[in-house]
Amino acid sequence: MSWRARREGISGKPGPRHMGSVMNAERRNLISQGLLLAFGLIGPFLFPHYIQQITLLWIMVLFALTWDAMGGQMGYNSLGNIFFFGAGMYICAVTQIMVAGYDVGEYTSAFGAIHVDISDGQYFAGLFLGLAVAAVGCVFLAIILGRIFFGLRGPYFAIGTLGIALAAGELIGAWDWVGGGSGISLPLYPAEADFFPGSGDDESMFFYTLALIAAVATFLFYQWLYSTRFGLAVNAIRDDEEKAEGMGIHTLRYKTVAWASSAFFMAIAGGIHGNIIHFIEPLEVAFPTVTFGIFMVAMALLGGKGTLWGPVIGAILFHVIKEVTWTHLLGWQWIALGMIIIVNVVFFQQGILGWMKERWPEAFGVTVEGAPAQGSETGGGSN
Amino acid sequence: MSGKKLIEVNGVSKSYGGVVANSNISLDVEDGKITGLIGPNGSGKTTLFNSIVGYHPIDEGSIKFEGEEISKLRVQQIARRGLLRTFQQTRIYGKMNCVDNMLISIPHRKHGFFDMFGTNGKADRDKAEHLLEFVGLYSKRYLPSGDLSFGQQKLLEFAMALMNEPKVLLLDEPTAGINPTLINGLIDRLKRANTDFGITLLVIEHNMRVIMNMADKVYCLAHGEMLSSGSPDVVQNDQRVIDAYLGAH
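Along each chain, residue indices are assigned from 1 in the same order as the chain's sequence is written. Throughout, the order in which chains and ligands are written sets their labels, letters from A for the former and numbers from 1 for the latter. Two thresholds apply to this predicted model, a pLDDT of at least 70 for residue-level local features and 80 or more for giving and counting side-chain atom pairs, whereas whole-chain, interface and lining totals are computed over all residues. Excluding hydrogens and water, the side-chain figures rest on all heavy atoms present in the structure.

(A) Spotlight on the nonpolar core. Grouping buried Ala, Val, Leu, Ile, Met, Phe, Trp, Tyr and Cys residues that are joined through side-chain atoms within 4.5 Å yields what is termed a nonpolar core. With a 1.4 Å probe rolled over the protein chains alone, any residue whose accessible area is under 20% of its type maximum counts as buried; one over 50% counts as exposed, and the rest are partly exposed. Membership of the largest hydrophobic core comes to 158 residues, with the highest contact counts inside it found for F63 and W259 of chain A. Note that the domain bounds reflect an automated or database-derived domain assignment. Here this core spans two domains, since at least three of its residues come from each of domain 1 (1-82 + 167-249) and domain 2 (93-165) of chain B. Contacts between residues were defined by any pair of non-hydrogen atoms, one from each residue, lying within 4.5 Å. Residues contacting W259 of chain A, with those up to four places away along its chain left out, are M70, S78, N81, F84, A142, L145, G146, F149, F150, F157, T161 and I164 of chain A. Core analysis: the second largest hydrophobic core is formed by 24 residues, I7, I25, I52 and V53 of chain B among them.

Following this line, the structure appears as structure tokens:
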């Protein structure tokens, strides 16, 4: 089969102008990554009093990135991704208790009155094993839920997934083995651990580092993933799933991988967050559907959904505004957040990056060759 | 090569509630040929297309592709066998640029699990750009495809179908909505897809000049039934076909 067409005047390579904008985009990407990573590394030393808030910032970045993989890149607006956060938190906690050598039922029924006596080794082994089991467990949950819920489209998928998160909170609340509504107190960070000598607060630094690594790993993972065929396929599903099916794309496979990847990172975030809070319970901490569950959507929309950097920018902006209003506008903080969301969805739905892309399309590689403004006549545009 | 039947539709019926869209339709598509499907609006052409590519189950009859029954298979499975269709209402991935539209249209039939994480090699990129050149969209290849005109989107959809290397391509009104001055260019490209790329075509078309010019064999549907079939000359001069189009019923 010969697919070769006439090749009059074409080089088979992207035109110089396009290459230029691609190079610029790559350089911008590297500089932004460098700046953000630098802040991640020195932030806790510059602002030692804000270490908890910056830790939460990285978790927010992770939230927005994992939500966008589904909602932005693939067009499946999940309102239930917070389910994997809570599920991961609980799986991690249960694993930690088991590794510490306690019976989970006895441990939880003691309501934290039990004297936990574990070695440093046990603590860290339990924590890391817990994070790993949580991540893998949530990948399996995503695969199973995907089989059921990927039959739903549009608003039905959003409401269906919201149902998962709400139901999970209620079910866990009624499950005594994991402490029911009274929750679980997690083993305490070893007092003598000293990974960050001189920091004064080893525990905060330790979990800060975990959160930073998790966020960076999430970013790098999605950056890679979107550069592969996966990126094109989920975008195709977003633009026209029926067409994608008609072209033979293995749509269910791609959708499952997208959700499983979200679940993987959300579970790790849940495990980390649970250990930062020390005490986990179903409604407020593990499955906070109306706070974190909605924040992740709002952050991705604010920054620009369907882009790699949009969720990151949205998360940073949203989190900073949230923390500032909580401190300086107490009582008005929810109204301020509500205003941001309203302004966002009413006036610039495409988000910050989406708006920039419309404003400066060439910087994002949207070019027409042979257009008068650019002078060069390279395309063979005769029909 | 010629004479081999690639698609065999036998006694296919399909109704929507009380409306009989297709009744006992039989049709063959010969390998390497261009087969035309004509008929007045609402005669059941698109329903037949949808039945062939698996968009809905059929009530009765059999549809074979390369001698194998496909009427129970799902859309993706049929597409991966090399039987592809374009849409009457053009469907492309509107927010992606033309090159990306092309790159994701590569044949998926041999893809295993880990091919999801592969990248498109130079061969795929070259092929995408050459096909975009073939349909005259090369200079616009980095534009979001949703910004193209309707006619250009149709050409892009056609190029995407070629990218998929189908054995048979079902085209639903390829010239509808295209500027008349461009139609000749499109006919030329469809013919070349057939002769140069060896793709068998089954074409729904309202434009008689187009179909009579292209097709080796023409089927005419009316009211969900097969009215006439044969060479373009025969069908064109069939009094029943003329009546169906002019409404002499």
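After that view of the structure, there is still more to cover.
(B) A nonpolar patch on the surface, seen in detail. Patch membership requires more than 30% relative accessible area and the absence of a salt bridge. Residues of like charge join within 9 Å; the nonpolar side chains Val, Leu, Ile, Met, Phe, Trp and Tyr join within 5 Å. Accessible surface is estimated by sampling points in the Shrake-Rupley manner with a 1.4 Å probe; for residues, cover comes only from the protein chains shown. Only one rule defines a salt bridge in this text: a Lys or Arg side-chain nitrogen within 4 Å of an Asp or Glu carboxyl oxygen. A cluster of nonpolar side chains, contributed by L329, W332, I335, M339, I342, V343, V345, V346 and F347 of chain A, occupies part of the molecular surface with about 890 Å² of accessible area. Only DSSP runs of H or I with at least four residues qualify as helices, and only runs of E with at least two residues qualify as strands; both kinds are numbered from the N terminus onward. Relative to the helices and strands, F347 of chain A is located in helix α13 (residues 333-347).

(C) Inspection of the pairing of strand β4 (residues 60-65) of chain B at higher detail. Residue and element names in this part refer to chain B. Whether two strands pair comes down to DSSP finding at least two bridges between them. Alignment of strand β1 (residues 5-16) against β4, held across 5 bridges, turns out to be antiparallel. When the bridges of β4 are listed, S13 appears paired with E60. The antiparallel pairing of β4 with strand β5 (residues 68-69) creates a hairpin that spans 2 residues between the two strands, and E66 there sits at a positive phi of about 50 degrees.

(D) Local environment of the domain arrangement of chain B. All names here are of chain B. On domain assignment, one finds that chain B holds domain 1 (1-82 + 167-249) and domain 2 (93-165). Relative to domain 2, the C-alpha centre of domain 1 lies at a distance of 25 Å. Counting residues at the interface gives 20 residues for domain 1, matched by 14 residues for domain 2. Two parts lose some accessible area (1.4 Å probe) when they are put together, and adding that loss for both gives the buried area. Of the roughly 1,200 Å² buried between domain 1 and domain 2 on both sides combined, carbon and sulfur atoms contribute 73%. Contact with domain 2 buries surface across domain 1, with R80, R189 and F197 losing the most and accounting together for 38% of the total. On inspection of domain 1 and its partner domain 2, the count reaches 0 salt bridges. Throughout this description, a polar contact denotes any pair of N or O atoms lying within 3.5 Å of each other; where both atoms belong to protein, one of them has to be capable of donating a hydrogen while the other can accept it, and for residues adjacent in sequence the pair is counted only when both atoms sit in side chains. Along the contact surface separating domain 1 from domain 2 lie 4 residue pairs in polar contact (both at pLDDT 80 or more). Every element with two or more residues in the side of domain 1 that touches domain 2 is listed here: α2 (75-80), β7 (168-172) and α6 (180-195). In terms of residues, the side of domain 1 that touches domain 2 owes the most to one element, α6, which gives 5 residues. In this count, Pro and Cys sit with the nonpolar residues alongside Ala, Val, Leu, Ile, Met, Phe, Trp and Tyr, while Asp, Glu, Lys and Arg are called charged and the others, Gly among them, polar. Taken together, the residues of the side of domain 1 that touches domain 2 sort by class into 11 nonpolar, 2 polar and 7 charged.

(E) Region of interest: the side chain of Q153 of chain B. Relative to the assigned elements, Q153 of chain B resides in helix α5 (residues 150-163). Only 3.4 Å separates the side chain of Q153 of chain B from the backbone oxygen of S145 of chain B, close enough to count as a polar contact.

(F) Examining the environment of K4 of chain B more closely. Residue and element names in this part refer to chain B. Along the polypeptide, K4 turns up in the segment before β1. Here K4 falls in the partly exposed class, since its relative accessible area comes to 43%. Considered as a pair, K4 and P107 are 103 residues apart in the sequence and their alpha carbons are 24 Å apart. With near-sequence residues (within four places) excluded, K4 lies in contact with V29, E30 and D31.

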